[in-house]
Amino acid sequence: MDLLANLGHGFGVALTLNNLLFCLIGCVIGTAIGVLPGIGPVATISLLLPITFGQPATTAIIMLAGIYYGAQYGGSTTAILLNLPGEVSSVVTTLEGYKMARRGRAGAALSIAALGSFFAGSVATILVAASGPLLTQVALSFGPADYFSLMFLGLIISAVLAQGSVVKSIGMVVFGVSLGMVGTDVQTGQQRFTFGIPELSDGVGFVSIAMGMFGIAEIILNLERPEARSVMSGKVGSLMMTREEFRRSIPAVLRGTTVGSLLGILPGGGAALASFGSYMMERKVSKGRHEFGTGAIEGVAGPEAANNAASQTSFIPLLTLGIPANAVMALMVGALIIQGIQPGPRMVEAQPDLFWGLIASMWVGNLMLLVINLPMIGVWVKLLAVPYRHMYPSIMIFCAIGVYSLQNNVFDVYQTVVFGIFGYLCSKLRLEAAPMLIGFVLGPMMEEHLRRAMLLSRGDPMVFLERPISATMLAIAFIALVAMLLPNVRKGKDSALAEGG
Amino acid sequence: MSWAVGRRALLACSVPAFGGATRASAQAWPSQPIRLIVPFAPGGTTDIVARLVAAGLQERLGVSVVVENRAGAGATVGSEMAARAAPDGTTLVMSNIASHGISPSVYRGRIRYDAVTDFTHIALVITNPTVWVANRDSGIRTLADAAARARSASGLDVATSGAGSSNHLMVVRMGQLVGKELNHIPFRGAGPAMQAVIAGQVPMMSDSLPSASSHIRQGSVVPVAMASAERHPSFPDVPTFREQGFDLASDSWFGLSGPAGIPAPIVERLHRETMAFISTPAVRARFAELGGTPGTMTPAAYTEFIRSEVATWAPLVQASGATAD
């Protein structure tokens, strides 16, 4: 019953009026930056950090955490409504979410995104509270070889389960990985595929690719079809989910929560894999798998749950080891250190207010996000009723501003244009953008882990087969590839998909 | 960036307009948020110190100071970005022994900035010794253990914050003293490297003391040897390399720099505020706890110091045979 007492203590901290207020501010700001394309949480948190200086450490961290998961959630809104993913995790949401919006089910998609996130956040919060230190051990048991194989599995599955030809999607994954190689090699300092363009030495921008391939390409496609120049093809439709949609979402949310909670604890890359892993799982096992590609609610419910669960459990390495996994976490460590607190294994005993208050506030923050966002859904959906001739220039302008403001560099805007045109060509050629983006995100991490694993094994590739975790991942990847390629030769993959699972 | 920046920029533009100034001048600085580039991943010494300095400058200058991690290639990726930024005092970088001392030699021919002429060097912030730590269950407690492991068939893996860091050179030089090359495992910064050592993926690590100190205090890793002439006052129980029979010492340093051509008044103000901040009792105490000494050099002295560091390291890097490949 220690857990309950501790959580009770945490809620005592989180539910003070001051902390609630800062949690609310954090969630609202987070949602806002998530909705606006191109504005990342890091810049915002940095700018807002000073307003927490007069506040106790717990309050500051609660607000920062609110911004962090608020941004994760807000990104889904534009992904569903406008096919504009702002974050890695919301790329997946565009796949089914935007299709749902076009069918007039935007309200349902947004509702399940909010409800699924809330549920997953609640479960993950309990998980962090109950078994944080234990889960750290799981995270630590992943070595470079295991990370490599996990990411390799992710790429294979993304190619295998994409729509249409396996060969085409493998091609897109490979192209994505190659795009990820552009820039200065992190280990040797070598310039790769930069063609002497200085702007490319820092690599191709994720936001440029995502906005171009999804948002801009979609606009070009829409302009091509004069009769359907509306984001929505049908009428607005009911804002609420139907009973059927709700019933179908439940198992998807449960699976997404599991996948997300587990992958979230892996520092670096875990969270990026979570929403994608969940999407692939739903596509394979959910009851609505035949609807995938046309707007299946499971394809929104699962990944949204996974993404939120992962963003909660990714706090575990920070809280128990004191090592930040990403820039947002580093900011939080910075905020703690300014207040004289060193995060790490002793924080639970030394700063129980902070530790349990933060955990309780995670749940409070999720509840607030639900309260803020559910009433907003009606407003968001009305946005779709705006005539397309007004809509698309606004989207273009917002994209341009968002991309430009990343580094105050016009080159990023040009990049977005190039990817917009490329994205349009890809849709014409039935090449899917999602596997390419996943390749782009996972490729560089895979390379880093591959090199490190090979350095540690003195160049012996057997390390990938000797480590049990790695060997299991590779075996699954191999089976998935063979299972999909074999029937593909004879009768095409879509029928194979229908038979599988 | 966000609306907050926009609004501030707008305010900043409108105020000098009344004074007749048409362009942002040194008088108007600081009016916009300052970006402080950390050329390593979060969690290392550069990052820890940068976040302290950012908080201090923020309070003293009255504008936000945003830390941005740009890791890779021995801290040269982030430093190159800073070298190319506009010299208006809104982009700064944590210059350090890797990016502005050793990497220019280790990444020779690939690095696209001059550590001296492409920067305005502002202040030396902290110097500190290097410490070697081991995983708790690695069985390594002394340098003799480490040397024995290195000479065994399996060899010894040593993690560092990256090729081109002072730790990289330590690994190479230690290998020469042991008589068997150590297996250097570079990371994007001390944060991820430390995590791999705590997890036991790599048994040993060479690290700047400030990033290792909290992990040593918490008992997550075992300190094996301090690469300083004398035992460190904050860690009197940790023997030096020399005491254990290996004649090695290595200090690393971290400072504040910006692109070449920052106007003198801005440099002067940044230097003054940084010095004032790092000599406050609270920061001195914090530095002592981390295991570092605050710097005292003038901007000119710091520039000279970097010039001499680049010159000193070039033959040492060549002699050691250290490369980034």
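Residues numbered from 1 in each chain as written. Chains lettered and ligands numbered in written order. Predicted model: local features only at pLDDT ≥ 70, side-chain atom pairs only at ≥ 80, totals over all residues. Heavy atoms only, no water.

Details of the overall build of chain A
Moving on, step 1. Along the backbone of chain A there are 22 helices and two strands.
Moving on, step 2. Counting the 501 residues in chain A, one finds 60% classified as buried.
Moving on, step 3. Sequence separation of 24 or more characterises 79% of the internal contacts of chain A that already satisfy a separation of 6 or more. (Helix = DSSP H or I, 4+ residues; strand = E, 2+ residues; numbered from the N terminus. Buried < 20%, exposed > 50% of the residue type's maximum accessible area, 1.4 Å probe, protein only. Contact = heavy atoms within 4.5 Å.)

A word on the overall build of chain B
Moving on, step 1. In terms of regular secondary structure, chain B is built from eleven helices and ten strands.
Moving on, step 2. For chain B, buried positions account for 62% of its 325 residues.
Moving on, step 3. Put simply, 77% of the contacts in chain B that link residues at least 6 apart link residues at least 24 apart.

Some details on unusual backbone geometry
Moving on, step 1. With a phi close to 50°, F193 of chain A is a non-glycine residue in the positive phi region.
Moving on, step 2. Note that F193 of chain A resides in the loop between β2 (191-192) and α9 (206-224).

Looking at the packing of helix α4 (residues 57-82) of chain A against helix α5 (residues 88-102) of chain A
Residue and element names in this part refer to chain A.
Moving on, step 1. The geometry of α4 relative to α5 is characterised by a closest axis approach of 7 Å and an angle of 40° between their N-to-C directions. By the angle between their axes, α4 is oblique relative to α5. The crossing of α4 and α5 is right-handed. Residues Q72, G75, S76, A79, I80, L81 and L82 of α4 form the contact with α5, whose own contacting residues are S89, S90, T93, T94, G97, Y98 and A101.
Moving on, step 2. Class assignment for the residues of the contact of α4 with α5 results in six nonpolar, eight polar and no charged. (Axes fitted to C-alpha atoms, helices over the stretch in contact; angles between N-to-C directions. Parallel < 35°, antiparallel > 145°, perpendicular 65-115°, else oblique. Left-handed = near helix turned anticlockwise from the far one by under 90°. Nonpolar A, V, L, I, M, F, W, Y, C, P; charged D, E, K, R; others polar.)

Notes on the pattern of salt bridges
One side chain can pair with another of opposite charge once the charged atoms of both are near each other.
Residue and element names in this part refer to chain A.
Moving on, step 1. On inspection of all chains with the given rule, the structure shows 27 salt bridges over all chains.
Moving on, step 2. Here R467 ties to D146 by a salt bridge, and the two come within 2.7 Å at their closest N and O atoms. Highlighted residues: R467 in the loop between α20 (463-466) and α21 (468-491) and D146 in helix α7 (residues 144-160), separated in sequence by 321 residues.
Moving on, step 3. For R467, a relative accessible area of 30% corresponds to the partly exposed category. (Salt bridge = Lys/Arg side-chain N within 4 Å of Asp/Glu carboxyl O.)

Remarks on the nonpolar core
Moving on, step 1. Among the nonpolar cores identified, the biggest contains 132 residues, and I61, V204, F206, I209, M213, F315 and M332 of chain A are the most heavily contacted of them.
Moving on, step 2. Of the residues forming this core, the biggest block, 14 residues, is contributed by helix α16 (residues 352-383) of chain A.
Moving on, step 3. Not counting residues up to four positions away in its chain, the partners in contact with V204 of chain A are L179, V182, I209, Q415, F419 and F440 of chain A.
Moving on, step 4. Of all hydrophobic cores here, the second largest spans 36 residues; its members include I48, V67, L92 and I262 of chain B. (Core = buried A, V, L, I, M, F, W, Y, C linked by side-chain atoms within 4.5 Å.)

Considerations on the pairing of strand β7 (residues 204-208) of chain B
Residues and elements named next belong to chain B.
Moving on, step 1. Burial within β7 is extensive, with five of its five residues counted as buried.
Moving on, step 2. Here strand β4 (residues 119-135) runs beside β7; their pairing, made up of five bridges, is antiparallel. Bridge assignment links W132 to a residue of β7, and that residue is S206.
Moving on, step 3. With two bridges connecting them, strand β5 (residues 157-160) and β7 associate as parallel partners. (Pairing = 2+ DSSP bridges.)

Concerning the environment of Y279 of chain A
Residues and elements named next belong to chain A.
Moving on, step 1. Here Y279 is to be found in helix α11 (residues 270-285).
Moving on, step 2. For Y279, a relative accessible area of 2% translates into the label buried.
Moving on, step 3. Along the sequence, Y279 and S158 sit 121 residues apart, while their C-alpha atoms lie 9.4 Å from each other.
Moving on, step 4. The contacts of Y279, once residues within four sequence positions are left out, are V92, L95, E96, F292, G299 and P303.
Moving on, step 5. There is a polar contact of 2.8 Å between the side chain of Y279 and the side chain of E96. (Polar contact = N/O pair within 3.5 Å; in protein donor to acceptor, adjacent residues only side chain to side chain.)

A closer look at the side chain of T78 of chain A
Moving on, step 1. Position of T78 of chain A among the secondary structure elements: in helix α4.
Moving on, step 2. Filtering out sequence-adjacent residues up to four positions away, T78 of chain A remains in contact with G34, V35, N83 and L84 of chain A.

With respect to the packing of aromatic side chains
Centre distance and the angle of the planes are the two values used to describe a pair of aromatic rings.
Moving on, step 1. Under the counting rule described, the total for this entry stands at twelve aromatic pairs over all chains.
Moving on, step 2. Measuring from ring centre to ring centre gives 6.0 Å for F118 of chain A and W363 of chain A, while their planes differ by 50°; the resulting arrangement is tilted. You can see F118 of chain A sitting in helix α6 (residues 106-140) and its partner W363 of chain A sitting in helix α16, a full 245 residues away along the chain.
Moving on, step 3. On the basis of relative accessible area, W363 of chain A is assigned to the partly exposed category, the value being 28%.
Moving on, step 4. Judged by centre distance (5.1 Å) and plane angle (70°), the rings of W253 of chain B and F305 of chain B are edge-to-face. Highlighted residues: W253 of chain B in strand β9 (residues 251-259) and F305 of chain B in helix α11 (residues 299-320), separated in sequence by 52 residues.
Moving on, step 5. One aromatic cluster is present, built from ring pairs that chain together F11, F118 and W363 of chain A.
Moving on, step 6. One Lys or Arg, R452 of chain A, reaches over the ring of F187 of chain B and ends 3.7 Å from the middle of that ring. (Phe/Tyr/Trp six-rings, centres within 6.5 Å; stacked < 30°, edge-to-face > 60°. Lys NZ or Arg CZ within 6 Å of the ring centre and 35° of its normal.)

Here's the deal with helix α2 (residues 17-35) of chain A
Moving on, step 1. Look at α2 of chain A: 27 Å from first C-alpha to last across 19 residues, which is about the 27 Å you get at 1.5 Å a residue.
Moving on, step 2. Taken together, the buried positions of α2 of chain A are occupied by N19, F22, C23, G26, C27, I29, G30, T31, I33, G34 and V35 of chain A. (Expected span 1.5 Å × (residues − 1).)

Some points on the packing of α5 of chain A against helix α12 (residues 298-313) of chain A
All names here are of chain A.
Moving on, step 1. Relative orientation of the contacting elements α5 and α12 amounts to 155°, with a least axis distance of 8 Å. The orientation of α5 relative to α12 falls into the category roughly antiparallel. Of the two elements, α5 crosses α12, and the hand of that crossing is left-handed. For the pair α5 and α12, the contacting residues are S89, V92, T93, E96, G97 and M100 in the first and G299, V300, P303, E304 and N307 in the second.
Moving on, step 2. Grouping the amino acids of the contact of α5 with α12 by side-chain chemistry returns four nonpolar, five polar and two charged.

Section: the environment of D114 of chain B
All names here are of chain B.
Moving on, step 1. Mapped onto the fold, D114 is located in the loop between α4 (97-106) and β4.
Moving on, step 2. What makes D114 partly exposed here is its relative accessible area of 36%.
Moving on, step 3. It is 10.0 Å that separates the C-alpha atoms of D114 and R307, two residues lying 193 residues apart in sequence.
Moving on, step 4. Of the polar contacts made by the side chain of D114, one reaches the backbone nitrogen of V116; its length is 2.8 Å.

A closer look at the confidence of the model for chain B
Residue and element names in this part refer to chain B.
Moving on, step 1. Summary statistics for chain B give a mean pLDDT of 85 and a share of 92% for residues scoring 70 or more.
Moving on, step 2. When pLDDT is averaged over each helix and strand of chain B, the minimum, 37, is found for helix α1 (residues 3-18) and the maximum, 94, for β7.
Moving on, step 3. Taken together, the stretch residues 1-26 has pLDDT below 50 and engages in 17 contacts with residues farther than four places along the chain or on a different chain. (pLDDT = per-residue confidence, 0-100.)

A few points about the pairing of β9 of chain B
Looking along a regular strand, one sees the side chains alternate between the two faces of the sheet.
Residue and element names in this part refer to chain B.
Moving on, step 1. Counting buried residues along β9, eight of its nine residues qualify, which places the element largely inside the surrounding structure.
Moving on, step 2. In the sheet, strand β3 (residues 91-96) pairs with β9 via four bridges, with the strands oriented antiparallel. When the bridges of β9 are listed, M94 appears paired with L256.
Moving on, step 3. In this sheet, β9 lies alongside β4 in antiparallel orientation, the contact comprising nine bridges. Residue pairing across strands places P129 opposite D251, the latter belonging to β9.

Structural notes on a nonpolar patch on the surface
All names here are of chain A.
Moving on, step 1. Among the surface-exposed residues, F119, V123, F246, I250 and L254 lie close enough to one another that they form a single nonpolar patch of about 410 Å² accessible area.
Moving on, step 2. Elements supplying a minimum of two residues to the nonpolar patch: α6 and α10 (243-264).
Moving on, step 3. With three residues, α10 is the largest single contributor of residues to the nonpolar patch.
Moving on, step 4. Note that F119 resides in helix α6.
Moving on, step 5. Overall, F119 belongs to the partly exposed group, its relative accessible area being 33%. (Patch = residues over 30% accessible without salt bridge, like charges linked within 9 Å, V, L, I, M, F, W, Y side chains within 5 Å. Areas by Shrake-Rupley, 256 points an atom, 1.4 Å probe, with all protein chains shown as cover.)

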